[in-house]
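# Breakdown of the fold
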Amino acid sequence: MKAITIIQPFATLVALEEKQLETRSWSTKHRGPLAIHAGKKIDKKICQQEPYKSVLAKHGYTANNLPTGAVVAICQLVDCHKVLVDKEDHAILEDNTVVSGHEYLFGDYSLGRYAWRLIDMNRLQEPIMVKGMQGLWNFSNGIK
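Residues numbered from 1 in each chain as written. Predicted model: local features only at pLDDT ≥ 70, side-chain atom pairs only at ≥ 80, totals over all residues. Heavy atoms only, no water.

With an unreviewed UniProt entry as reference, the protein is termed ASCH domain-containing protein, source organism Fontibacillus panacisegetis.

Structure, rendered in structure tokens:
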């Protein structure tokens, strides 16, 4: 199964389905199962800012208890679309999806970046400790 490493708190926001689009500077042709790996880095400053702080708190998280260095969820990657318009409070993707609200705030929708659509999120009850990597990488731990 392919995996992607995401820094915290973004990996947890994805796992909690508070963020359904993962933004990247690069596109992917991969579609199908994707493991969400929480990297070892935590952006503690952003965890103190709104809306991050209140959304994390709603689920019992702070910068001090986010899982790191572990696969935290399995999902399906179903689409990857280029950002065509960024109006600083919403963005428009090449499939005409308008991204706004928390979804917009939780990503980097600069022109030319890509939004990966993640569905069917399955948050793991117990994160699986594993070293992450850059880009898409292969994760195998018996999870189907």
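### Describing the packing of aromatic side chains
Within the structure shown, the criterion is met by five aromatic pairs. Look at Tyr52 and Phe106: their rings are 4.9 Å apart centre to centre, the planes differ by 45°, and that puts the pair in the tilted class. With Tyr52 in helix α3 (residues 52-58) and Phe106 in the loop between α4 (101-105) and β7 (114-129), this residue pair connects regions lying 54 residues apart in the sequence. We note that Tyr52, like Phe106, is buried. Each ring, one from Trp137 and one from Phe139, has its centre 6.3 Å from the other, and the planes form 90°; the classification is edge-to-face. Among the residues examined, Phe139 registers a relative accessible area of 5% and is labelled buried. (Phe/Tyr/Trp six-rings, centres within 6.5 Å; stacked < 30°, edge-to-face > 60°. Helix = DSSP H or I, 4+ residues; strand = E, 2+ residues; numbered from the N terminus. Buried < 20%, exposed > 50% of the residue type's maximum accessible area, 1.4 Å probe, protein only.)

### A word on the pattern of salt bridges
For the structure shown, the criterion picks out four salt bridges. A salt bridge links Lys58 to Glu18, with the shortest nitrogen-to-oxygen separation between them at 2.9 Å. Of the two residues, Lys58 sits in helix α3 while Glu18 sits in the loop between α1 (10-15) and β2 (21-24), which places them 40 residues apart along the sequence. One salt bridge in this structure joins Arg24 and Glu22, with 3.0 Å as the shortest N-O distance. This pair shows no difference in class: Arg24 is buried, exactly as Glu22 is. Each of Lys19, Glu22 and Arg24 takes part in one network of salt bridges that share partners. (Salt bridge = Lys/Arg side-chain N within 4 Å of Asp/Glu carboxyl O.)

### Details of unusual backbone geometry
Note the cis peptide between Gln8 and Pro9, where omega equals 10°. Tracing the sequence through the fold places Pro9 in the loop between β1 (2-8) and α1. Omega for the bond connecting Glu50 with Pro51 falls within 30 degrees of zero, at 5°, which places this linkage in the cis form. A positive phi angle is found at Glu17, which is not glycine, with a value near 65°. Tracing the sequence through the fold places Glu17 in the loop between α1 and β2.

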